[in-house]
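Survey of secondary and tertiary structure
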Amino acid sequence: MTEQRPPRRYGFESFDCAPALRLEAHERVSRLQIDGLQDRLARLETAIERLERRLWLTVYGVVAVILAEAFQSFLVQLP
């Protein structure tokens, strides 16, 4: 079916009504807020990944020190 449009009146331009403009402005502001939140979430995720890597590096370091001390104590007790 063809879309029914009101006939164009000579001499008058089509105009946007205030509620439609407010809705469009609200949609743009919402989109900007969502984009900002997604950007912030991405930065937080990268920070958490870096922190996780540092945590595992610390855990491996502590385990290595404990194993080195155990190995050293075995070497001291050997004749």
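- In the nomenclature of an unreviewed UniProt entry, the protein chain corresponds to Gene transfer agent protein from the organism Pseudooceanicola batsensis.

Thoughts on the packing of aromatic side chains
- Counted according to the given criterion, the structure contains 1 aromatic pair.
- Consider the rings of Trp-56 and Tyr-60, whose centres lie 6.0 Å apart with planes at 35°: the pair is tilted. Here the residue Trp-56 and the residue Tyr-60 both occupy positions in helix α1 (residues 18-77), the gap between them amounting to 4 residues, near one helical turn.
- For Tyr-60, a relative accessible area of 55% gives the class exposed.

Overview of a nonpolar patch on the surface
- Where nonpolar side chains cluster on the molecular surface, the patch consists of Leu-55, Trp-56, Val-59, Tyr-60, Val-63 and Leu-67 and spans about 620 Å² of accessible area.
- Note that Leu-67 resides in helix α1.

Things to note about the UniProt feature "transmembrane region" (unreviewed entry) in the protein chain
- UniProt feature "transmembrane region" (unreviewed entry): in the numbering of this structure it lies at residues 55-75.
- Taken end to end, residues 55-75 is 100% helix and 0% strand, and its first and last C-alpha atoms sit 30 Å apart.

Cut-offs and rules
- Residues numbered from 1 in each chain as written.
- Predicted model: local features only at pLDDT ≥ 70, side-chain atom pairs only at ≥ 80, totals over all residues.
- Heavy atoms only, no water.
- Phe/Tyr/Trp six-rings, centres within 6.5 Å; stacked < 30°, edge-to-face > 60°.
- Helix = DSSP H or I, 4+ residues; strand = E, 2+ residues; numbered from the N terminus.
- Buried < 20%, exposed > 50% of the residue type's maximum accessible area, 1.4 Å probe, protein only.
- Patch = residues over 30% accessible without salt bridge, like charges linked within 9 Å, V, L, I, M, F, W, Y side chains within 5 Å.
- Areas by Shrake-Rupley, 256 points an atom, 1.4 Å probe, with all protein chains shown as cover.
- Salt bridge = Lys/Arg side-chain N within 4 Å of Asp/Glu carboxyl O.
- UniProt positions renumbered as here; feature names shortened; annotations may be inferred.

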